Amino acid sequence: MLFAVLLCGCASTQTIRQQHQAAVYNTDLGIAYLQRGELAVAKKKLDLALSENPDDPNVHSARALLFARMGEARRADREFREALGLAPHNPDLQNNYAVYLCGVGRTDEGVKYFLRAAHNPLYLTPAAAYSNAGVCLRSAHRYSEARRMFRAALSVRPDFSQAAWQLADMDFKLGRLTQARSEIADYLSSYNETPDLLLLAVKVMRAQHDELNAALYARKLQLDYPDSTQAHALASLGRNPG
């Protein structure tokens, strides 16, 4: 009798394991269909994943992304919170929810979750979380706070080019040309350039009427990244330096 009970328990455990594996598979399929814009098929796969493992936070996170794409904000928010309720210390879920919150204009909440991810010792890219918080604040025209976030990202990872570009581009757009120029120069003095930073450097130099350095940066962009969209964008700068 004991042997029979043990067999039953093993069979039950195996069934649960298979269901959980199926949930992972259908979640991956659902995300793939979501990325391709096939929302109806994505929902079918994610509904199936939910039935197979309703306690998987990744299932709820994927469903949140789906509902966000479908414009169903209330359901998206509920799914994000369900995912975080199941895995409250998962930094990727914190970051995903933060991106969603910023996208719907809930800036303070979004920044809060970005900072939770940045401070989470399990998160491998805290600089990205700080930079994302900066982008969120910049979109809300909260420039001083955004600047602090970009600088926090660079203090964690000084070679993080995206934060350097965001910081300099923000100052350029605000008309702080000297500051933007200094930020670009500081970064390029220690780390490799990127097409974005080179194009921004050209814009800043031209705005300051420094045609010599503008030409040098433009030439480097054309030689080192000839097929980049930034190199192709140089053609329009003669008409509009900004």
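All values reported here derive from a predicted model rather than from experimental measurement.

Judged by nonpolar contacts, the single largest core of 57 residues is most densely connected at Tyr97, Leu200, Val204 and Leu234. Among the elements that take part in this core, helix α11 (residues 195-207) stands out by supplying 8 residues, more than any other. Beyond its immediate sequence surroundings of up to four residues, valine 204 is in contact with Phe172, Leu177, Ala180, Arg181 and Ile184. Among the nonpolar cores identified, the runner-up in size contains 5 residues, and Ala42, Leu46, Ala62 and Leu66 belong to it.

Turning next to the pattern of salt bridges. Summed over the entire model, instances satisfying the criterion amount to 20 salt bridges. For aspartate 77, the salt bridge is made with arginine 81, and the minimal N-O distance between the two is 3.1 Å. One end of the pair is aspartate 77 and the other is arginine 81, both in helix α4 (residues 73-86) and 4 residues apart, which spans about a single turn. Exposure remark for arginine 81: the relative accessible area of 41% places this residue in the partly exposed category. Arginine 151 serves as the salt-bridge partner of glutamate 183, at 3.3 Å between the closest nitrogen and oxygen. Of this pair, glutamate 183 sits in helix α10 (residues 177-188) while arginine 151 sits in helix α8 (residues 143-156), and the two are 32 residues apart along the sequence. Look at arginine 151 and you get partly exposed, because its relative accessible area is 39%.

Time to look at the environment of alanine 180. The residue alanine 180 is located in helix α10 in this model. Filtering out sequence-adjacent residues up to four positions away, alanine 180 remains in contact with Ala168, Asp171, Phe172 and Val204.

If you trace the backbone, leucine 115 turns up in helix α6 (residues 107-119). The sequence separation of leucine 115 and alanine 133 amounts to 18 residues, and the corresponding C-alpha distance is 7.4 Å. Excluding residues within four positions of it along the chain, leucine 115 makes contact with Tyr130 and Met149.

Scanning the entire structure with this criterion turns up 5 aromatic pairs. A centroid spacing of 5.2 Å and a plane angle of 35° characterise the contact between phenylalanine 80 and tyrosine 100, whose relative ring orientation is tilted. On the criterion of sequence distance, the pair formed by phenylalanine 80 in helix α4 and tyrosine 100 in helix α5 (residues 91-103) is long-range, its members being 20 residues apart. With respect to class, phenylalanine 80 is no different from tyrosine 100; both count as buried. Here the aromatic rings of tyrosine 187 and tyrosine 191 are separated by 5.3 Å at their centres, their planes lie at 40°, and the arrangement is tilted. Overall, the relative accessible area of 31% leaves tyrosine 191 in the partly exposed class. Pairwise contacts between aromatic rings join Phe80, Tyr97, Tyr100 and Tyr113 into one cluster. One cation-aromatic arrangement involves arginine 116 over tyrosine 113; the distance from NZ or CZ to the ring centre is 4.6 Å.

Cut-off values and rules
Residues numbered from 1 in each chain as written. Predicted model: local features only at pLDDT ≥ 70, side-chain atom pairs only at ≥ 80, totals over all residues. Heavy atoms only, no water. Core = buried A, V, L, I, M, F, W, Y, C linked by side-chain atoms within 4.5 Å. Buried < 20%, exposed > 50% of the residue type's maximum accessible area, 1.4 Å probe, protein only. Helix = DSSP H or I, 4+ residues; strand = E, 2+ residues; numbered from the N terminus. Contact = heavy atoms within 4.5 Å. Salt bridge = Lys/Arg side-chain N within 4 Å of Asp/Glu carboxyl O. Phe/Tyr/Trp six-rings, centres within 6.5 Å; stacked < 30°, edge-to-face > 60°. Lys NZ or Arg CZ within 6 Å of the ring centre and 35° of its normal.

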